[in-house]
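As a plain string of letters, each chain reads:
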Amino acid sequence: MSSALTGLFRHPIVQAPMAGGVSVPRLAAAVSEAGGLGFLAAGYKTADGLYQEIKQLRGLTGLPFGVNLFMPQPEYADPAAVEVYAHQLAGEATWYETELGDPDSGRDDGYDAKLAVLLDNPVPAVSFHFGIPSSETLESLRRAGVYTLVTATTPEEALAVQYAGADAVIAQGVEAGGHQGTHRDLPEQDGSGLGLLSLVAQIRETVTVPIVAAGGIMRGSQIAAVLAAGASAAQLGTAFLATHESGAHDVHKQALTNPLYVRTELTRAFSGRPARGLVNRFLREHGPYAPAAYPEVHHLTAPLRKAAAKAKDAQGMALWAGQGHRMARELPAGQLVEILAAELDAARTALSGTGDLR
């Protein structure tokens with residue numbers, strides 16, 4: 001099964017699927033063409049939008065790529081808490097001269113329709129975030145020739161992923177930028193996530209399926225470290241966020257290395273689910289009061305984030321970033337893959353005792 005995974009790429013480098021317009025076809029194509037595995041993010045798109053992006057990507061590369069789906073979320077948000085948060089955000093709406101979004105705009109992200117697109121038009125790999133698809137779904141994708149991966153943030157979640165029949169586990173450490181892919185959103189566990197190396201080692205002793213390590217990886221030497229810990233590949237998001245082909249807003253790209261943003265935090269401020277981003281005004285002012293309500297809060301703040309981006313106001317944007325954001329390199333994505341692969345080779349040589357460890 002590990003060979004099935006490594007057969008998807010020349011280098012053990014997976015470009016993380018970053019929703020919200022970042023993981024565009026040109027980025028995924030550039031990564032795949034350079035020997036990594038590019039990914040599209042289906043999150044927040046329509047089923048037809050996903051189909052069109054897959055079609056566009058296939059026109060850019062004949063090499064393997066993947067698509068990521070968000071799992072539908074259970075209904076356990078407290079409507080009263082969402083309403084209170086909406087009142088708190090009223091000043092933001094006035095400031096940005098916009099209306100708050102409708103928190104009841106949908107909970108399933110069009111999951112069934114997007115899944116139908118992928119079954120009708122199979123792609124080489126499909127990954128899942130925020131939970132585990134049914135065994136029947138995983139088997140249907142397997143019969144269609146699709147390699148399946150599911151995010152896990154604990155060894156217990158990884159075991160459940162293997163039991164469901166997925167081909168591989170994406171081990172997401174707490175260092176990762178963007179949303180934590182926990183299977184259940186439990187506020188009492190906020191901030192208790194495992195660091196990536198510890199997580200990979202524990203998952204390696206828990207499951208037999210291949211592991212893709214994700215969280216804060218920015219250099220080839222870090223890829224070497226997670227491979228040594230038991231992973232078959234590394235998934236990088238923030239590292240590709242600043243690349244030329246990334247669809248991220250220029251303000252977001254610049255913020256990654258801006259000395260004004262010295263740290264990241266996990267916050268519910270923008271979406272109602274824990275997600276790591278650069279600490280800005282919006283996160284500081286609203287993070288402590290945001291309820292556990294995804295995707296209600298995501299829908300609520302969507303117009304605010306859009307207005308802030310239009311105004312080029314980084315203090316009101318969701319600046320998702322992993323803990324290694326200061327190490328971001330503004331390069332063409334293909335060149336970044338080549339550099340990471342060279343750094344990985346150098347690290348492996350050094351670790352084998354035949355190279356200079358300095």
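Notes on the structure follow. As the structure is a prediction and not an experimental result, all values here were calculated from the model. (Residues numbered from 1 in each chain as written. Predicted model: local features only at pLDDT ≥ 70, side-chain atom pairs only at ≥ 80, totals over all residues. Heavy atoms only, no water.)

Examining the sheet that holds strand β7 (residues 178-179)
Then step 1. If you trace the three strands from one edge of the open sheet to the other, you get β7-β11-β10, paired in antiparallel fashion. Edge strands, defined here as strands with exactly one partner in the open sheet, are β7 and β10 (264-267).
Then step 2. Examined bridge by bridge, β10 and strand β11 (residues 275-278) share four bridges and lie antiparallel to one another. Bridging from a neighbouring strand, Thr264 pairs with Leu278 of β11. (Pairing = 2+ DSSP bridges. Helix = DSSP H or I, 4+ residues; strand = E, 2+ residues; numbered from the N terminus.)

Examining the pattern of salt bridges
Then step 1. Across all of its chains, the model carries twelve salt bridges by this definition.
Then step 2. For Asp167, the salt bridge is made with Arg142, and the minimal N-O distance between the two is 3.2 Å. Residue Asp167 is found in the loop between α8 (155-164) and β6 (168-172), and its partner Arg142 is found in helix α7 (residues 135-143); the two are separated by 25 residues along the sequence.
Then step 3. Classification of Asp167 by relative accessible area gives buried; the value is 7%.
Then step 4. One network of salt bridges, in which partners are shared, links Glu139, Arg142, Arg143 and Asp167. (Salt bridge = Lys/Arg side-chain N within 4 Å of Asp/Glu carboxyl O. Buried < 20%, exposed > 50% of the residue type's maximum accessible area, 1.4 Å probe, protein only.)

Considerations on helix α2 (residues 25-33)
Then step 1. Of all nine residues that make up α2, seven are buried, and the element is covered over most of its length.
Then step 2. Within the sequence span of α2, burial applies to Pro25, Leu27, Ala28, Ala29, Ala30, Val31 and Ser32.
Then step 3. Structurally, α2 contributes buried residues whose contacts are with β1 (13-15), β2 (38-41), α3 (47-60), β3 (65-70), α11 (238-241) and α15 (333-351).
Then step 4. One or two residues past the end of α2 sits Gly35, with phi positive at roughly 110°. (Contact = heavy atoms within 4.5 Å.)

Considerations on the environment of Val207
Then step 1. With respect to the helices and strands, the residue Val207 is situated in the loop between α9 (196-204) and β8 (211-214).
Then step 2. Val207 gets classed as buried once you look at its relative accessible area, which sits at 4%.
Then step 3. A C-alpha to C-alpha distance of 7.0 Å links Val207 and Ala158, two positions 49 residues apart in sequence.
Then step 4. Excluding anything up to four places from it in sequence, Val207 contacts Ala158, Leu159 and Gln162.

Regarding helix α10 (residues 220-229)
Then step 1. Here α10 has its buried residues at Gly220, Ile223, Ala224, Val226 and Leu227. Buried residues of α10 fall within an arc of 170° about the axis and therefore sit on the same side.
Then step 2. Lining the buried residues of α10 we find β1, α9, β8, β9 (233-236) and α15.
Then step 3. Just beyond α10, the residue with positive phi is Gly230, at close to 125°. (Arc of directions from axis to C-beta.)

As for the side chain of Arg107
Then step 1. For Arg107, the position within the fold is in the loop between α5 (90-95) and α6 (111-120).
Then step 2. With relative accessibility at 18%, the residue Arg107 sits in the buried group.

Topic: the layout of surface pockets
Then step 1. By volume, the largest pocket is sized at about 1,000 Å³.
Then step 2. Met18, Ala19, Gly20, Val22 and Trp320 are, among the 45 residues lining the largest pocket, the residues nearest its centre.
Then step 3. Those elements that provide at least two residues to the lining of the largest pocket are β3, β4 (125-129), β6, β7, β9, α11 and α14 (296-310).
Then step 4. Here the lining of the largest pocket takes five residues from α14, the largest share from any one element. (1 Å grid on protein atoms, 1.4 Å probe; cavity = no way out; pocket = protein on both sides within 12 Å on 5 of 7 lines; lining within 4 Å. Points joined across faces, edges and corners; volume = space filled by probe spheres on them.)

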